[in-house]
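Coordinates in review
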Amino acid sequence: LPPRLDTPHLPRPSPLPPLPRPAPPPLPRPAPAMSSDPDGRLGTLAPSQSSALAALLALLPPRLAPFAPADLVLWHVSLADPPLASEPAALSDVQAVVLLKFLRAREFDAERAAEMLVGCLGWRRGFG
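An account of the accompanying structure is given in this report. (Residues numbered from 1 in each chain as written. Predicted model: local features only at pLDDT ≥ 70, side-chain atom pairs only at ≥ 80, totals over all residues. Heavy atoms only, no water.)

With that settled, consider the side chain of Gln95. Mapped onto the fold, Gln95 is located in helix H2 (residues 93-105). On the basis of relative accessible area, Gln95 is assigned to the buried category, the value being 2%. With sequence-adjacent residues up to four places away left out, Gln95 is seen in contact with Val77, Ser78, Leu79, Asp81, Pro82 and Leu84. (Helix = DSSP H or I, 4+ residues; strand = E, 2+ residues; numbered from the N terminus. Buried < 20%, exposed > 50% of the residue type's maximum accessible area, 1.4 Å probe, protein only. Contact = heavy atoms within 4.5 Å.)

Okay, structure coming up:
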C-alpha cells in the first residue's frame, strides 16, 4: 500500500560523527647543534662565513648609497645608523644578525646576498 500522506514521518536517525583521523607521525627532530658547529649565526661563524660577511660589507656601501637612511631599516634595525662598519667585528650585533640572514639565505655567497638585500630594500621602498 502507498504511504498515507496525513501521517507524520518518523524522524531520521542522526548521522554518525566522523571518525577521528589518526595523528600524523612525529617529525624527526634535528640533532642539537653543538656550540662548535658553525651554523652561520652570530657567535658561531666559520672562518669562511666570517670572510663572506666581510666581503658583503665591502660590497654594500656603493649599493646602499641610493637609499635614504629611512629606507635602510629592516626588522626595526637600521643599517644606516650607525653606518655599516667595514669590519665584521665593528658591526653592532643586530646589524650583523640582519646581514647574516641574507648570507645564510644565499649560502654565504656575498654577491648574491648583496643583490637580495638591495632587492628587498627596493621592494620595501616601493611598496611601503
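Let us now look at the packing of helix H1 (residues 47-64) against H2. Running from amino to carboxyl end, H1 crosses H2 at an angle of 105°, the nearest separation of the two axes being 11 Å. In terms of their interaxial angle, H1 and H2 are classed as roughly perpendicular. Taken together, the residues of H2 that come into contact with H1 (itself represented by Ala52, Leu53, Leu56, Leu57 and Leu60) are Leu99, Leu100 and Leu103. (Axes fitted to C-alpha atoms, helices over the stretch in contact; angles between N-to-C directions. Parallel < 35°, antiparallel > 145°, perpendicular 65-115°, else oblique.)

So, about the nonpolar core. Counting residues in each nonpolar core, the largest one holds 24 residues, and the members touching the most others are Leu56, Leu60, Leu74, Leu99, Leu103, Leu117 and Leu121. Of all the secondary-structure elements, those providing two or more residues to this core are H1, H2 and helix H3 (110-127). Leaving out residues up to four positions away in the same chain, Leu56 has contacts with Leu99, Leu103, Ala110, Ala113 and Ala114. (Core = buried A, V, L, I, M, F, W, Y, C linked by side-chain atoms within 4.5 Å.)

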